[in-house]
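Summary of the model geometry
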Amino acid sequence: MKAIRVHEFGDPEVMRCEEVPDPEPGPGQLLLRIRAAGVNPIDAYIRAGRYGSLPPLPYTPGLDAAGVIERVGEGVSIRKAGERVYVGGSITGTYAEWALCAEKQAGLLPESISFAQGAGVYVPYVTAYRALFQKAEAMPSETVFIHGGSGAVGLAAIQLAVAAGCRVAASAGTEEGRRLARKQGAELVVDHCSEAHGAEVLAWTGGAGVAVLLEMLANVNLGRDLDLLAVGGRAVVIGSRGSVEIDPRAILSREARVLGVSLFRASDEEIATARSAVEAGLANGTLRPIVREELPLAQAPVAHRRVMEPGALGKIVLIP
(Lines give C-alpha, C1' and ligand atoms only; values in the text may rest on other atoms or scores of the structure.)
Protein backbone atom coordinates (compact mmCIF):
# COMPACT_ATOMS: atom_id res chain seq x y z
CA MET A 1 0.00 0.00 0.00
CA LYS A 2 0.97 3.66 -0.32
CA ALA A 3 1.66 5.58 2.87
CA ILE A 4 3.35 8.80 3.90
CA ARG A 5 6.50 8.04 5.87
CA VAL A 6 8.67 10.28 8.01
CA HIS A 7 12.26 9.07 8.57
CA GLU A 8 13.52 12.24 10.25
CA PHE A 9 11.83 15.21 11.91
CA GLY A 10 11.98 18.46 9.97
CA ASP A 11 10.32 20.53 7.25
CA PRO A 12 7.24 19.24 5.38
CA GLU A 13 9.43 17.72 2.67
CA VAL A 14 10.61 14.99 5.09
CA MET A 15 7.23 13.36 4.36
CA ARG A 16 7.50 10.95 1.45
CA CYS A 17 4.95 8.70 -0.21
CA GLU A 18 6.29 5.14 -0.09
CA GLU A 19 5.19 1.56 -0.66
CA VAL A 20 4.88 -0.34 2.62
CA PRO A 21 3.43 -3.77 3.51
CA ASP A 22 -0.34 -3.98 3.94
CA PRO A 23 -1.24 -4.17 7.65
CA GLU A 24 -3.17 -7.08 9.18
CA PRO A 25 -5.52 -6.64 12.15
CA GLY A 26 -4.56 -8.24 15.44
CA PRO A 27 -6.81 -8.93 18.43
CA GLY A 28 -9.15 -6.01 19.15
CA GLN A 29 -8.08 -4.19 15.98
CA LEU A 30 -9.82 -2.98 12.84
CA LEU A 31 -8.37 -2.78 9.33
CA LEU A 32 -9.68 0.40 7.76
CA ARG A 33 -9.64 1.32 4.09
CA ILE A 34 -8.91 5.04 4.32
CA ARG A 35 -11.07 7.22 2.08
CA ALA A 36 -9.91 10.54 3.52
CA ALA A 37 -7.33 11.57 6.13
CA GLY A 38 -7.62 14.82 8.04
CA VAL A 39 -4.70 17.24 8.41
CA ASN A 40 -4.30 19.04 11.73
CA PRO A 41 -1.77 21.56 13.06
CA ILE A 42 -0.71 18.98 15.64
CA ASP A 43 0.38 16.71 12.77
CA ALA A 44 2.72 19.47 11.62
CA TYR A 45 4.12 20.05 15.12
CA ILE A 46 4.90 16.34 15.49
CA ARG A 47 6.46 16.10 12.01
CA ALA A 48 8.68 19.10 12.81
CA GLY A 49 9.79 17.49 16.08
CA ARG A 50 8.23 20.33 18.09
CA TYR A 51 5.80 18.38 20.23
CA GLY A 52 6.19 17.04 23.75
CA SER A 53 5.69 13.38 22.87
CA LEU A 54 7.17 12.19 19.58
CA PRO A 55 6.68 8.82 17.84
CA PRO A 56 9.64 6.57 17.09
CA LEU A 57 11.03 6.93 13.58
CA PRO A 58 10.04 6.08 10.93
CA TYR A 59 6.32 6.70 11.30
CA THR A 60 3.18 7.51 9.32
CA PRO A 61 1.50 10.78 10.40
CA GLY A 62 -2.18 11.41 10.98
CA LEU A 63 -4.84 11.18 13.71
CA ASP A 64 -8.09 11.84 11.82
CA ALA A 65 -9.55 9.71 9.04
CA ALA A 66 -12.72 8.22 7.64
CA GLY A 67 -13.29 5.09 5.61
CA VAL A 68 -14.74 1.58 5.57
CA ILE A 69 -13.84 -1.33 7.83
CA GLU A 70 -12.36 -4.10 5.70
CA ARG A 71 -11.69 -6.74 8.38
CA VAL A 72 -11.78 -7.03 12.16
CA GLY A 73 -9.46 -8.89 14.49
CA GLU A 74 -10.28 -11.46 17.14
CA GLY A 75 -12.25 -10.10 20.08
CA VAL A 76 -13.85 -7.15 18.25
CA SER A 77 -17.42 -7.06 19.52
CA ILE A 78 -19.09 -3.85 18.32
CA ARG A 79 -17.66 -2.75 14.97
CA LYS A 80 -17.94 -5.00 11.91
CA ALA A 81 -16.69 -5.22 8.34
CA GLY A 82 -18.43 -2.93 5.87
CA GLU A 83 -19.25 -0.14 8.33
CA ARG A 84 -18.53 3.48 7.45
CA VAL A 85 -16.52 4.96 10.30
CA TYR A 86 -14.46 7.96 11.35
CA VAL A 87 -11.42 7.41 13.55
CA GLY A 88 -9.67 9.49 16.14
CA GLY A 89 -6.14 8.18 16.39
CA SER A 90 -4.83 4.91 15.00
CA ILE A 91 -2.14 2.32 15.53
CA THR A 92 -0.34 2.79 12.21
CA GLY A 93 -1.11 6.41 11.17
CA THR A 94 -3.85 7.68 8.89
CA TYR A 95 -1.90 9.24 5.98
CA ALA A 96 -2.13 5.94 4.10
CA GLU A 97 -4.36 3.75 1.97
CA TRP A 98 -4.97 1.40 4.91
CA ALA A 99 -4.68 1.80 8.67
CA LEU A 100 -5.05 -0.27 11.79
CA CYS A 101 -6.97 1.16 14.72
CA ALA A 102 -8.30 -0.06 18.04
CA GLU A 103 -12.04 -0.70 18.18
CA LYS A 104 -12.57 2.19 20.62
CA GLN A 105 -10.93 4.63 18.18
CA ALA A 106 -13.67 4.19 15.57
CA GLY A 107 -17.15 5.70 15.54
CA LEU A 108 -20.00 5.24 13.08
CA LEU A 109 -20.19 7.79 10.27
CA PRO A 110 -23.74 8.65 9.17
CA GLU A 111 -24.55 8.29 5.47
CA SER A 112 -25.28 12.03 5.42
CA ILE A 113 -21.62 12.79 6.22
CA SER A 114 -19.09 12.31 3.41
CA PHE A 115 -15.76 10.62 3.99
CA ALA A 116 -13.98 13.96 3.51
CA GLN A 117 -16.21 15.49 6.20
CA GLY A 118 -15.68 12.45 8.40
CA ALA A 119 -11.94 13.07 8.28
CA GLY A 120 -12.69 16.39 9.98
CA VAL A 121 -14.65 15.02 12.93
CA TYR A 122 -12.42 13.79 15.73
CA VAL A 123 -9.72 16.35 16.49
CA PRO A 124 -11.77 19.48 15.67
CA TYR A 125 -15.08 18.48 17.26
CA VAL A 126 -13.79 16.60 20.29
CA THR A 127 -11.31 19.41 20.99
CA ALA A 128 -14.07 22.02 20.69
CA TYR A 129 -16.46 20.00 22.87
CA ARG A 130 -13.79 19.47 25.50
CA ALA A 131 -12.89 23.17 25.55
CA LEU A 132 -16.48 24.42 25.71
CA PHE A 133 -18.12 21.96 28.05
CA GLN A 134 -15.53 19.89 29.90
CA LYS A 135 -13.16 22.79 30.63
CA ALA A 136 -15.12 26.07 30.39
CA GLU A 137 -18.40 24.45 31.50
CA ALA A 138 -20.35 26.67 29.10
CA MET A 139 -24.07 26.94 29.83
CA PRO A 140 -27.07 27.85 27.66
CA SER A 141 -27.54 31.63 27.25
CA GLU A 142 -23.92 32.38 28.17
CA THR A 143 -21.86 34.51 25.78
CA VAL A 144 -19.02 32.72 24.00
CA PHE A 145 -16.29 34.38 21.90
CA ILE A 146 -14.38 32.06 19.57
CA HIS A 147 -11.16 33.84 18.66
CA GLY A 148 -10.25 32.17 15.40
CA GLY A 149 -13.63 30.97 14.23
CA SER A 150 -12.95 30.01 10.61
CA GLY A 151 -10.56 27.11 11.18
CA ALA A 152 -11.71 23.53 11.70
CA VAL A 153 -11.80 23.75 15.52
CA GLY A 154 -13.33 27.23 15.48
CA LEU A 155 -16.14 26.20 13.14
CA ALA A 156 -16.81 23.11 15.23
CA ALA A 157 -16.95 25.29 18.35
CA ILE A 158 -19.45 27.69 16.77
CA GLN A 159 -21.76 24.84 15.78
CA LEU A 160 -21.52 23.16 19.19
CA ALA A 161 -22.04 26.38 21.15
CA VAL A 162 -25.02 27.47 19.02
CA ALA A 163 -26.59 24.01 19.39
CA ALA A 164 -26.18 24.27 23.17
CA GLY A 165 -28.09 27.56 23.31
CA CYS A 166 -25.12 29.87 23.85
CA ARG A 167 -24.86 33.33 22.31
CA VAL A 168 -21.85 33.16 20.03
CA ALA A 169 -19.40 35.71 18.64
CA ALA A 170 -16.38 34.77 16.55
CA SER A 171 -13.43 36.28 14.74
CA ALA A 172 -11.74 35.60 11.41
CA GLY A 173 -9.00 37.29 9.46
CA THR A 174 -10.63 37.28 6.02
CA GLU A 175 -14.03 38.30 4.70
CA GLU A 176 -14.59 34.78 3.39
CA GLY A 177 -13.81 33.40 6.84
CA ARG A 178 -16.20 35.85 8.47
CA ARG A 179 -18.99 34.88 6.07
CA LEU A 180 -18.39 31.23 6.89
CA ALA A 181 -18.54 31.89 10.65
CA ARG A 182 -21.79 33.82 10.27
CA LYS A 183 -23.26 30.97 8.25
CA GLN A 184 -22.61 28.60 11.17
CA GLY A 185 -24.70 30.78 13.47
CA ALA A 186 -22.37 33.34 15.07
CA GLU A 187 -24.35 36.49 16.00
CA LEU A 188 -21.30 38.75 15.74
CA VAL A 189 -18.22 38.14 13.61
CA VAL A 190 -15.26 40.52 13.87
CA ASP A 191 -12.00 40.98 12.00
CA HIS A 192 -9.26 39.97 14.41
CA CYS A 193 -6.75 41.89 12.30
CA SER A 194 -8.52 45.09 13.34
CA GLU A 195 -7.46 46.87 16.53
CA ALA A 196 -11.16 47.60 17.15
CA HIS A 197 -12.31 43.99 17.34
CA GLY A 198 -12.10 43.82 21.15
CA ALA A 199 -14.27 46.91 21.53
CA GLU A 200 -16.82 45.37 19.17
CA VAL A 201 -17.00 42.21 21.27
CA LEU A 202 -17.39 44.17 24.50
CA ALA A 203 -20.14 46.30 22.95
CA TRP A 204 -21.94 43.10 21.88
CA THR A 205 -22.02 42.03 25.55
CA GLY A 206 -23.26 45.44 26.70
CA GLY A 207 -19.89 46.04 28.32
CA ALA A 208 -20.13 43.02 30.62
CA GLY A 209 -17.54 40.88 28.82
CA VAL A 210 -17.84 37.32 27.60
CA ALA A 211 -18.42 34.34 29.86
CA VAL A 212 -16.30 31.98 27.74
CA LEU A 213 -13.46 32.72 25.32
CA LEU A 214 -11.76 30.09 23.16
CA GLU A 215 -8.30 31.08 21.93
CA MET A 216 -6.60 29.43 18.94
CA LEU A 217 -3.42 31.55 18.92
CA ALA A 218 -2.64 32.47 22.51
CA ASN A 219 0.89 33.75 21.89
CA VAL A 220 -0.63 36.62 19.86
CA ASN A 221 -3.95 37.25 21.58
CA LEU A 222 -4.09 36.06 25.18
CA GLY A 223 -2.84 39.28 26.74
CA ARG A 224 -5.72 41.24 25.19
CA ASP A 225 -8.21 38.40 25.57
CA LEU A 226 -8.23 38.81 29.34
CA ASP A 227 -9.72 42.30 29.01
CA LEU A 228 -12.71 40.79 27.17
CA LEU A 229 -13.71 38.43 29.98
CA ALA A 230 -16.69 38.95 32.25
CA VAL A 231 -16.47 38.55 36.01
CA GLY A 232 -16.00 34.82 36.50
CA GLY A 233 -15.11 34.42 32.82
CA ARG A 234 -13.17 31.46 31.48
CA ALA A 235 -10.52 31.65 28.74
CA VAL A 236 -9.53 28.32 27.20
CA VAL A 237 -6.24 28.07 25.31
CA ILE A 238 -6.56 25.63 22.41
CA GLY A 239 -3.52 26.67 20.38
CA SER A 240 -0.29 28.65 20.82
CA ARG A 241 2.92 28.94 18.85
CA GLY A 242 5.10 30.66 21.44
CA SER A 243 5.13 32.69 24.63
CA VAL A 244 3.00 35.68 25.60
CA GLU A 245 3.09 38.38 28.27
CA ILE A 246 -0.06 38.86 30.33
CA ASP A 247 -1.09 41.12 33.20
CA PRO A 248 -2.31 38.87 36.06
CA ARG A 249 -4.38 41.77 37.41
CA ALA A 250 -6.80 41.23 34.53
CA ILE A 251 -7.44 37.74 35.95
CA LEU A 252 -7.54 38.84 39.60
CA SER A 253 -9.96 41.70 39.08
CA ARG A 254 -12.45 39.42 37.33
CA GLU A 255 -11.83 36.27 39.34
CA ALA A 256 -11.37 34.76 35.89
CA ARG A 257 -9.83 31.45 34.92
CA VAL A 258 -7.33 30.61 32.17
CA LEU A 259 -7.47 26.96 31.16
CA GLY A 260 -5.57 24.77 28.73
CA VAL A 261 -7.03 21.93 26.71
CA SER A 262 -5.33 18.88 25.22
CA LEU A 263 -6.96 15.76 23.84
CA PHE A 264 -3.97 13.75 25.00
CA ARG A 265 -4.75 14.62 28.63
CA ALA A 266 -8.40 13.57 28.42
CA SER A 267 -9.53 10.43 30.21
CA ASP A 268 -11.21 7.58 28.35
CA GLU A 269 -14.49 8.61 29.99
CA GLU A 270 -14.14 12.24 28.86
CA ILE A 271 -13.34 11.17 25.29
CA ALA A 272 -16.28 8.77 25.25
CA THR A 273 -18.64 11.49 26.51
CA ALA A 274 -17.42 13.97 23.90
CA ARG A 275 -17.65 11.44 21.08
CA SER A 276 -21.20 10.49 22.05
CA ALA A 277 -22.29 14.13 21.93
CA VAL A 278 -20.53 14.74 18.61
CA GLU A 279 -21.93 11.59 17.02
CA ALA A 280 -25.46 12.59 18.07
CA GLY A 281 -24.95 16.00 16.44
CA LEU A 282 -23.68 14.41 13.23
CA ALA A 283 -26.65 12.05 13.13
CA ASN A 284 -29.30 14.76 13.63
CA GLY A 285 -27.64 17.27 11.31
CA THR A 286 -26.71 19.81 14.00
CA LEU A 287 -23.01 19.37 13.29
CA ARG A 288 -21.64 19.70 9.75
CA PRO A 289 -17.87 19.45 9.22
CA ILE A 290 -16.60 22.03 6.72
CA VAL A 291 -13.99 20.81 4.21
CA ARG A 292 -11.75 23.52 2.83
CA GLU A 293 -9.68 21.46 0.41
CA GLU A 294 -9.05 17.90 -0.75
CA LEU A 295 -5.53 17.00 -1.86
CA PRO A 296 -3.95 13.76 -3.12
CA LEU A 297 -2.06 11.78 -0.47
CA ALA A 298 1.31 12.53 -2.10
CA GLN A 299 0.72 16.26 -1.52
CA ALA A 300 1.00 15.89 2.26
CA PRO A 301 3.88 18.44 2.34
CA VAL A 302 1.63 21.01 0.63
CA ALA A 303 -1.15 20.26 3.12
CA HIS A 304 1.20 20.77 6.08
CA ARG A 305 2.26 24.17 4.80
CA ARG A 306 -1.31 25.28 4.19
CA VAL A 307 -2.65 24.09 7.54
CA MET A 308 -0.20 26.43 9.30
CA GLU A 309 -1.06 29.48 7.18
CA PRO A 310 -3.44 32.20 8.39
CA GLY A 311 -6.90 32.50 6.87
CA ALA A 312 -8.13 28.97 7.57
CA LEU A 313 -11.51 28.00 6.11
CA GLY A 314 -12.25 24.58 7.54
CA LYS A 315 -10.51 21.25 7.19
CA ILE A 316 -7.79 20.14 4.76
CA VAL A 317 -8.00 16.44 3.90
CA LEU A 318 -5.78 14.01 2.00
CA ILE A 319 -7.32 11.50 -0.41
CA PRO A 320 -5.35 8.22 -0.82
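In what follows, the accompanying structure is described. Every chain is numbered independently, its residues counted from 1 as its sequence is written. For a predicted model such as this one, the threshold for reporting local features is a pLDDT of at least 70, and the threshold for listing and counting side-chain atom pairs is 80 or more; totals across whole chains, interfaces and linings nevertheless cover every residue. With hydrogens and water stripped out, all remaining heavy atoms of the structure feed into the side-chain values.

Focus: the overall build of the chain
Short version of the rule: Going along the chain from the N terminus, every DSSP run of H or I of four or more residues is numbered as a helix, and every run of E of two or more is numbered as a strand. The quantity called the radius of gyration is restricted to C-alpha atoms. Its globule counterpart is 2.2 Å times the number of residues to the power 0.38. Between buried and exposed lies partly exposed: a residue is buried under 20% and exposed over 50% of the maximum accessible area for its type, with that area taken using a 1.4 Å probe on protein chains only. Residue contacts are defined here by distance: any two heavy atoms, one from each residue, within 4.5 Å place the two residues in contact. Here the open area of atoms and residues is found with the Shrake-Rupley method and a 1.4 Å probe, where only the protein chains shown may cover a residue. Under this rule, positive means Lys or Arg and negative means Asp or Glu; His and the chain ends count for nothing. A charged residue contributes its charge at one atom only: NZ of Lys, CZ of Arg, CG of Asp or CD of Glu.
Each helix and strand counted, the chain has ten helices and 15 strands in total. Taken over C-alpha atoms, the radius of gyration comes to 20 Å for the chain, in line with the 20 Å a tight globule of 320 residues would show. Overall, the chain is about 60 × 40 × 35 Å in size when its C-alpha atoms are taken along their principal axes. Per-residue burial for the chain yields a buried fraction of 54% across its 320 residues. Once local pairs closer than 6 in sequence are excluded, the contacts in the chain between residues at least 24 apart make up 66%. A total accessible area of about 13,600 Å² is found for the chain, and carbon and sulfur atoms account for 52% of it. Looking at charge distribution, the chain has the averaged site of its 32 positive side-chain charges lying 1 Å from that of its 36 negative ones.

Some remarks on the side chain of N40
What counts here: Side-chain atoms alone can form a polar contact between residues adjacent in sequence; in general such a contact is a pair of N or O atoms within 3.5 Å, and within protein one must be able to donate a hydrogen while the other accepts it.
Its location among the elements puts N40 in the loop between strand 3 (29-39) and helix 1 (41-48). Of the polar contacts made by the side chain of N40, one reaches the side chain of K315; its length is 2.4 Å. Setting aside residues up to four positions removed in sequence, N40 forms contacts with D64, V123, P124, V307 and K315.

Points about helix 10 (residues 300-307)
The condition is simple: To obtain the arc, one takes the directions from the helix axis to the C-beta atoms.
Within helix 10, the full set of buried residues consists of A300, P301, A303, H304 and V307. In a view along the axis of helix 10, the buried residues occupy a sector of 160°, so they form one face of it. Looking at the buried side of helix 10, the elements it contacts are strand 1 (2-6), strand 2 (15-19), strand 3, helix 1, strand 14 (291-296) and strand 15 (315-319).

Some thoughts on the environment of S150
The topology assignment puts S150 in the loop between strand 8 (143-147) and helix 4 (152-163). S150 sits in the buried class, given a relative accessible area of 7%. A C-alpha to C-alpha distance of 36 Å links S150 and V20, two positions 130 residues apart in sequence. The contacts of S150, once residues within four sequence positions are left out, are L155, S171, A172, G177, L180, A312, L313 and G314.

Things to note about the packing of helix 3 (residues 122-135) against helix 4
Filter applied, for reference: Under this scheme, a helix contributes an axis fitted over its contacting stretch, all axes are lines through C-alpha atoms, and angles between N-to-C directions fall in the 0 to 180 degree range. Geometric relationships in this document are graded by angle, where less than 35 degrees denotes roughly parallel, more than 145 denotes roughly antiparallel, 65 to 115 denotes roughly perpendicular, and other angles denote oblique. By definition, any crossing whose near helix is turned counterclockwise from its far helix by less than a right angle is left-handed, and any crossing with a clockwise turn is right-handed. Here the nonpolar group is Ala, Val, Leu, Ile, Met, Phe, Trp, Tyr, Cys and Pro; Asp, Glu, Lys and Arg are the charged ones; every other residue, Gly included, is treated as polar.
As a packed pair, helix 3 and helix 4 sit with axes 8 Å apart at the nearest point and diverge in direction by 55°. In terms of orientation, helix 3 lies oblique with respect to helix 4. For the pair helix 3 and helix 4, the sense of crossing is right-handed. Contact residues: P124, Y125, T127, A128, Y129, L132 and F133 in helix 3; A152, V153, A156, A157, Q159, L160 and A161 in helix 4. Broken down by class, the residue content of the contact of helix 3 with helix 4 amounts to twelve nonpolar, two polar and no charged.

A word on the packing of aromatic side chains
Here is the rule we go by: Planes of paired rings set the category: under 30 degrees apart is stacked, over 60 is edge-to-face and the rest tilted, where pairs are Phe, Tyr or Trp rings (Trp by its six-membered ring) whose centres lie within 6.5 Å. Consider the ring centre and the ring normal. A charge sits over the ring if Lys NZ or Arg CZ is within 6 Å of that centre and within 35 degrees of that normal.
Under the definition given, this model contains three aromatic pairs. Seen in terms of ring centroids, F9 and Y59 are 6.1 Å apart; in terms of plane orientation they differ by 40°. Their pairing is tilted. In this pair, F9 sits in the loop between strand 1 and strand 2 while Y59 sits in the loop between helix 1 and strand 4 (64-72), placing the two residues 50 residues apart along the sequence. Judged by relative accessible area, Y59 falls into the buried class, the value being 9%. Across from the ring centre of W98, 5.6 Å away, lies the NZ or CZ of R33, which sits over that ring. If you follow R84 out to its NZ or CZ, it ends over the ring of F115, 4.4 Å from the centre.

Focus: helix 6 (residues 197-204)
Burial in helix 6 covers these residues: H197, G198, V201 and W204. Along the axis of helix 6, the buried residues cluster in a sector spanning 120°; they form a single face. Opposite the buried face of helix 6, by more than 90 degrees, sit the exposed residues A199 and A203. Packed against the buried residues of helix 6 are strand 8, strand 9 (167-172), strand 10 (188-191) and strand 11 (210-215). Among the residues trailing helix 6, G206 stands out with phi positive, at a value near 70°.

Describing the packing of helix 3 against helix 9 (residues 268-284)
One way to put it is that helix 3 packs onto helix 9 with a least axis distance of 9 Å and a crossing angle of 110°. Considering the angle they form, helix 3 stands roughly perpendicular to helix 9. Between helix 3 and helix 9, the contacting residues are Y122, Y125, V126, Y129, R130 and Q134 on the first element and E270, I271, T273, A274, R275, A277 and V278 on the second. Considering only residue class, the contact of helix 3 with helix 9 consists of eight nonpolar, two polar and three charged.

Things to note about the pairing of strand 4
What counts, and what does not: Paired strands are those between which DSSP finds at least two bridges.
Two strands pair when backbone bridges link them, and strand 3 and strand 4 are joined in this way by seven bridges, in the antiparallel orientation. Paired with R33 across the two strands is V68, which belongs to strand 4. By the bridge criterion, five bridges tie strand 4 to strand 5 (residues 84-88) in an arrangement that is antiparallel. Bridge pairing links D64 to G88 in strand 5.

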